[in-house]
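# Chains, contacts and geometry: an overview
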Amino acid sequence: MQYLADYGLYLAKIVTFVTALLIFIAFSLALIAKHKSRPKTGTLSITKINDNYDEMEDLLQQEILDKKAYKALQKIQKKKEKPIKKRAYLIRFDGDIRASAVDHLREEITAILSVASPQDEVIVNVESSGGMVHCYGLAASQLQRVKDKRIPLTVIIDKVAASGGYLMACVGHKILAAPFAIIGSIGVVAQMPNFHRWLQKNNIDFEQITAGQYKRTLTVFGENTNKDREKFKQDLEEIHHYFKQFISENRPIVNIEHVATGEYWLATRALDLKLIDGLSSSDDYLFSLSQTTDIFEVSYASKKSLSEKIGRFIKHHCFAF
């Protein structure tokens, strides 16, 4: 009898938990449906880089100097007249294969253009090994917006700006890179597996119906012909042509036929090839610039949607046994 009572209690707990979970899911889905039509919004964050440098300097001075010397230094600094500085705006772009950061880049550029003038400077710290053509094309067009307003645009590369990453970087009036950063890869690549022979071996038919001669060329499951391959190659060559043309328009000093081989180089060599204008890390450039310029880092962050918040809550609470 005790066994049955314990089993009944255990069963009741399970039923209660499952019922509560189903109610929670139903409530969540109702909230998602209610908020689905609302546009996603985000927040714009502004950080004055100079203040960060001043804070670090002050902390070190407190440790290095004795109290008397530190207080004397503070008095001297307070008496100094602060010179009127120019303004610069910093954006950091960390790219993946889809250039997902372009969603934030668009907002950041728009915000900056609402206040910047040709007397200011926009600095973009680009880090990307490239990705989808149309995605990085959009990212490059965002930087072009700055250039079209005749605002000096400086692109700095600390680690890598290759392929689509360099497509973005070449828009800059000035391109700087850390000595061992990877630059270049001016080429186009596409690859896919093909399961046609495996399907044939297993007597599986694959049918594909299209309207338009070249609606589909190479496929994953169909039989690819030499004609298909040739058309696909032509498409890649055309994209490569426009890639080279874009770089030539933005950096006419580059011997495009010499560098558009798909190769990449360390920044020290890229400087010789005129793919960049100088060697410097973002840390060196920003610290040096801060002596004469107020630098504002502009960062846009999307607010998490209701479904994302619920998913995060479930992940961290409901199934944390």
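Residues numbered from 1 in each chain as written. Predicted model: local features only at pLDDT ≥ 70, side-chain atom pairs only at ≥ 80, totals over all residues. Heavy atoms only, no water.

## Let's talk about the overall build of the chain
Counting its secondary structure elements, the chain contains 12 helices and 10 strands. Residue burial in the chain is summarised as follows: out of 321 residues, 34% are buried. Within the chain, contacts between residues at least 6 apart in sequence are counted, and of these 75% link residues at least 24 apart. Entry remark: accessible area of the chain is about 21,400 Å², with carbon and sulfur atoms responsible for 57%. (Helix = DSSP H or I, 4+ residues; strand = E, 2+ residues; numbered from the N terminus. Buried < 20%, exposed > 50% of the residue type's maximum accessible area, 1.4 Å probe, protein only. Contact = heavy atoms within 4.5 Å. Areas by Shrake-Rupley, 256 points an atom, 1.4 Å probe, with all protein chains shown as cover.)

## A few points about the sheet that holds strand β3 (residues 121-127)
In spatial order, the strands read β1-β10-β2-β3-β4-β6-β9; together these seven strands make up an open sheet with mixed pairing. Each edge of the open sheet carries a strand with a single partner, namely β1 (42-48) and β9 (278-279). In the sheet, strand β6 (residues 174-177) pairs with β9 via two bridges, with the strands oriented parallel. If you follow L176 over to β9, its bridge partner there is G278. Contacting β1, β2 (86-94), β3 and β10 (293-302), helix α4 (residues 102-113) crosses the sheet at an angle of about 135° to β10. (Pairing = 2+ DSSP bridges. Axes fitted to C-alpha atoms, helices over the stretch in contact; angles between N-to-C directions.)

## As for the nonpolar core
I157, Y166, I183 and L275 are the most contacted members of the largest nonpolar core, which totals 47 residues. If one sorts the elements of this core by residue count, helix α5 (residues 133-148) sits on top with six residues. When residues no more than four places from it in sequence are discounted, the contact partners of Y166 are A161, I175, I183, G184, I186, I247, R251 and L275. Core analysis: the second largest hydrophobic core is formed by 11 residues, I49, Y53, I123 and I295 among them. (Core = buried A, V, L, I, M, F, W, Y, C linked by side-chain atoms within 4.5 Å.)

## Structural notes on a positive patch on the surface
Together, K67, K71, K75 and K79 line one region of the surface with positive charge. You can see K71 is positioned in helix α3 (residues 67-79). (Patch = residues over 30% accessible without salt bridge, like charges linked within 9 Å, V, L, I, M, F, W, Y side chains within 5 Å. Salt bridge = Lys/Arg side-chain N within 4 Å of Asp/Glu carboxyl O. Lys, Arg positive; Asp, Glu negative; His and termini not counted. Charge placed at Lys NZ, Arg CZ, Asp CG, Glu CD.)

## Overview of the packing of aromatic side chains
A full pass over the atoms with the stated rule returns five aromatic pairs. For the pair F93 and Y136, a centre-to-centre distance of 6.4 Å together with 75° between the ring planes defines the contact as edge-to-face. Taken together, the residues span a long stretch of sequence, with F93 in strand β2 and Y136 in helix α5 at a distance of 43 residues. You'll find F93 and Y136 in the same group, each marked buried. A connected cluster of aromatic rings, assembled from ring pairs, spans F195, F206 and F221. (Phe/Tyr/Trp six-rings, centres within 6.5 Å; stacked < 30°, edge-to-face > 60°.)

## Quick word on the environment of A267
Checked against the element boundaries, A267 lands in helix α10 (residues 267-272). Spatially, the C-alpha atoms of A267 and A177 are 6.1 Å apart, while their sequence positions differ by 90 residues. Every residue in contact with A267, bar those within four places of it in the chain, is listed here: A177, A178, P179, A181, I183, I276 and L279.

## What to know about the packing of helix α2 (residues 49-64) against α3
Where α2 meets α3, the axes come as close as 9 Å, and the angle between the chain directions of the two elements is 145°. Touching E57, D58, Q61 and Q62 of α2 are Y70, L73, Q74 and Q77, all from α3. Partitioning the contact of α2 with α3 into residue classes produces two nonpolar, four polar and two charged. (Nonpolar A, V, L, I, M, F, W, Y, C, P; charged D, E, K, R; others polar.)

## So, the pattern of salt bridges
Taken as a whole and assessed by the stated rule, the structure comprises eight salt bridges. Note that D294 and K48 form a salt bridge whose closest N and O atoms lie 3.6 Å from each other. Taken as a pair, D294 in strand β10 and K48 in strand β1 lie far apart in primary sequence, 246 residues in all. Since its relative accessible area comes to 28%, K48 is described here as partly exposed. R251 serves as the salt-bridge partner of D277, at 2.9 Å between the closest nitrogen and oxygen.

## Re the side chain of N50
You can see N50 is positioned in helix α2. Accessibility expressed as a relative area gives 5% for N50, which makes it buried. A polar contact of 3.2 Å, which involves the side chain of N50, links it to the backbone oxygen of S290. (Polar contact = N/O pair within 3.5 Å; in protein donor to acceptor, adjacent residues only side chain to side chain.)

## A short note on the packing of α5 against helix α8 (residues 226-250)
For the pair α5 and α8, interaxial distance at closest approach is 13 Å and the crossing angle is 15°. Taken together, the axis directions place α5 and α8 in an arrangement best described as roughly parallel. As for how α5 packs across α8, the hand of that crossing is left-handed. From α5, V133, A140, Q144 and K147 reach across to α8, where they touch I239, F246 and N250. Residue composition of the contact of α5 with α8, grouped by class: four nonpolar, two polar and one charged. (Parallel < 35°, antiparallel > 145°, perpendicular 65-115°, else oblique. Left-handed = near helix turned anticlockwise from the far one by under 90°.)

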